[in-house]
Amino acid sequence: METTQQTFTDRVIKIRNLYKSFGENHVLRGINLDLYRGENLVVLGRSGTGKSVLIKIIAGLLKQDSGTVEVLGQEVNTLKNKDLQALRLKLGFSFQNSALYDSMTVKENLEFPLIRHSHHMTRKDMAKAVEQVLEAVGLSQAINQLPAELSGGQKKRIGIARTLILRPEIMLYDEPTAGLDPITSIEINNLIREVRTRFNTSSITITHDLTCAKTTGDRIAMLLDGEFAKEGTFDEVFDTDNERIKSFFDYNFIQ
Amino acid sequence: MNGKKRLSIGSLIERFFFKVYEVAYFITRYFKEFFNPPFETQEFLKQCYNIGYRSLSLITVTAFITGFVFTKQSRPSLAEFGATSWIPSLVGIAIVRALAPLVTALICAGKVGSSIGAEIGSMKVTEQIDAMEVSATNPFKYLVFTRVTASALMLPVLTMYTGFIALLGAYINVSQNELTSFQTFFLNAFDKISFLDLFSSIIRSLAFGFTIGIVGCFKGYNADQGTQGVGKAANSAVVASMFLIFIEEIIIVQIVNSLR
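Here the residue numbers are simple positions, counted from 1 along each chain's written sequence. As they are written, the chains are lettered A onward and the ligands numbered 1 onward, keeping that order. Reporting of local features is limited, given that this is a predicted model, to residues whose pLDDT is at least 70; pairs of side-chain atoms are given and counted only at 80 or more, and all residues count toward the totals for whole chains, interfaces and linings.

Chemist: Please set out the packing of helix 4 (residues 87-125) of chain B against helix 7 (residues 182-191) of chain B residue by residue, giving values where relevant.
Modeler: Residue and element names in this part refer to chain B. Where helices are involved, their axes are fitted lines through C-alpha atoms of the stretch in contact, as for all axes, and angles between N-to-C directions lie from 0 to 180°. Put simply, DSSP marks the helices as runs of H or I at least four residues long and the strands as runs of E at least two long, and each gets a number from the N terminus on. Direction vectors running N to C along helix 4 and helix 7 enclose 55°, while the axes themselves pass 7 Å from each other. The orientation of helix 4 with respect to helix 7, classified from their angle, is oblique. Where helix 4 crosses over helix 7, the handedness of that crossing is right-handed. In contact with Pro88, Ser89, Val91 and Gly92 of helix 4, helix 7 contributes Phe185, Asn188, Ala189, Phe190 and Asp191. Residues are grouped as follows: Ala, Val, Leu, Ile, Met, Phe, Trp, Tyr, Cys and Pro are nonpolar; Asp, Glu, Lys and Arg are charged; all remaining types, including Gly, are polar. Residues belonging to the contact of helix 4 with helix 7 are distributed by class as follows: five nonpolar, three polar and one charged. For classification, angles of less than 35 degrees are called roughly parallel, those exceeding 145 degrees roughly antiparallel, those between 65 and 115 degrees roughly perpendicular, and all remaining angles oblique. Crossings are assigned a handedness: left-handed for a near helix turned anticlockwise from the far helix by less than a right angle, right-handed for a clockwise turn. C-beta atoms are first placed from the backbone for all residues, and any pair lying within 7 Å is then listed as a contact.

As structure tokens, then:
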């Protein structure tokens, strides 16, 4: 799939002929995808179509059956552990259920990656970095709270803050608005846009939420049955005769 | 029809060997981490505190009762032969050679093994382990290496503590009946205990501690999706580690007896 978006030129992710199966379940069937620097790409599709599998392969959490995944010019599948770790520092992954370390406070959650990867930083620098990302996600007051004391939306924000603290170049958002009320969803969508501007990130957002796709996506790739059925701006994808895509949109509107 | 697929003997054997491979790989990975600094010292110390200090109250009560009751139950048989003066030696040998390591290991298998299995299992199903992985942190080193090492090192310490408290329980019973002094009781108790007894007791508890840690971590790390998987991981960690502890006990006793 070659991109229709012309304003972004510097490619940061290149995926070619990606296949992934779980037993008899063929989840991804020959995916081609590019992400350009500064771009917010949305992968839209129903639950169970392999969207999360796709970004887990990009992050090296799952291995593909065949095909290539290049992130910042490096083939993820062939990297040695040390190089993969180095690459992961440039990737931020926001999980669907936030995946905050529930035995740690917000501050400890945010310091966790810093302690391990920013050896040059003093405790004072770390405290400042924590303050900055908390301020960026609008949750400075939650610094000493435990994840169990936070709402779903607050957890998502802290999850995003934890990935931002290492200043990644690419953000991967897995269903950022899943399980949130409409107002909180809008706040998260705005945050995704703010993150790009403030932290100069490129991003892939995995979602089935049309509002999220329309608000955050510069480009939409519609995933159906393990293949990209259509790709372009939201209006281009929406304006289609493809019955399967139309039924997805109709279903979302009914919802 | 109960809906469950019946597996052939061939696939059961295949599954068994695949599981053996998985366990062997997990253990090998643990030993590899020994040579892969930097270590998660703070987390290790936290686990030592959790496994060691937080088990003390349960171990104190159990060890005291074990020593007291064992002495009380042994007396009638020895009294028949007029050999109650042997009680301190008998109790000393029984506690140091067998009871202290075994009782400590069984308590820890229940308390520590289930807690490790549930904690890591819960982290697995809520993607916290994946979150560590994508933030370029080695979750195996942070979660598994620290817990297994802490468990292996804390068990010998707890075993020594169990031995002391159990002997104290035994002394209280003896002093009530035979009016033996504290010093005489302990001199008699340790009179028949050799270096090999103490050494084998320490080695045994080290092996038990390693088993509890590795089984708990393995079950948690391989928990299925969902909360049911967490409960299953905690439960099977206890059952499997207790089973392995008894097997190890039999093997180590045979080896030590052949050296005696």
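Chemist: Please provide a residue-by-residue account of the sheet that holds strand 6 (residues 91-94) of chain A, values included.
Modeler: All names here are of chain A. Taken in spatial order, the six strands make up an open sheet running 6-7-8-3-9-10, and their pairing is mixed. Two strands bound the open sheet, and with one partner strand each, they are strand 6 and strand 10 (227-232). Sheet twist, expressed as the mean angle between neighbouring strand axes with direction ignored, is 15°. Note: strand 3 (residues 40-44) against strand 9 (residues 219-224), four bridges, orientation parallel. Bridging across to strand 9, Leu41 finds its partner in Arg219. DSSP-based pairing: two strands are paired if at least 2 bridges between them are found.

Chemist: A description of helix 6 (residues 182-199) of chain A should follow, citing residues and the corresponding values.
Modeler: Residues and elements named next belong to chain A. When the terminal C-alpha atoms of helix 6 are compared, their 25 Å separation across 18 residues agrees well with the 26 Å that a helix rising 1.5 Å per residue should span. Burial in this document is a count-based property: other C-beta atoms within 10 Å of a residue's C-beta are tallied, and the residue is buried at 20 or more, exposed at 12 or fewer, or partly exposed in between, with C-beta positions derived from the backbone. Taken together, the buried positions of helix 6 are occupied by Ser185, Ile188, Asn189, Leu191, Ile192 and Val195. Each buried residue of helix 6 sits inside an arc of 155° when the element is viewed along its axis, so together they form one side. In helix 6, the exposed positions that point more than 90 degrees away from the buried face belong to Pro182, Ile183, Thr197 and Arg198. Buried residues belonging to helix 6 abut strand 3, helix 5 (152-164), strand 7 (170-174), strand 8 (202-207) and helix 7 (210-216). Trailing helix 6 by a residue or two, Asn200 shows a phi angle of about 50°, which is positive. Helices are assigned an expected span. That span is 1.5 Å times one less than the residue count. Think of the arc as the fan of directions from the helix axis to the C-beta atoms.

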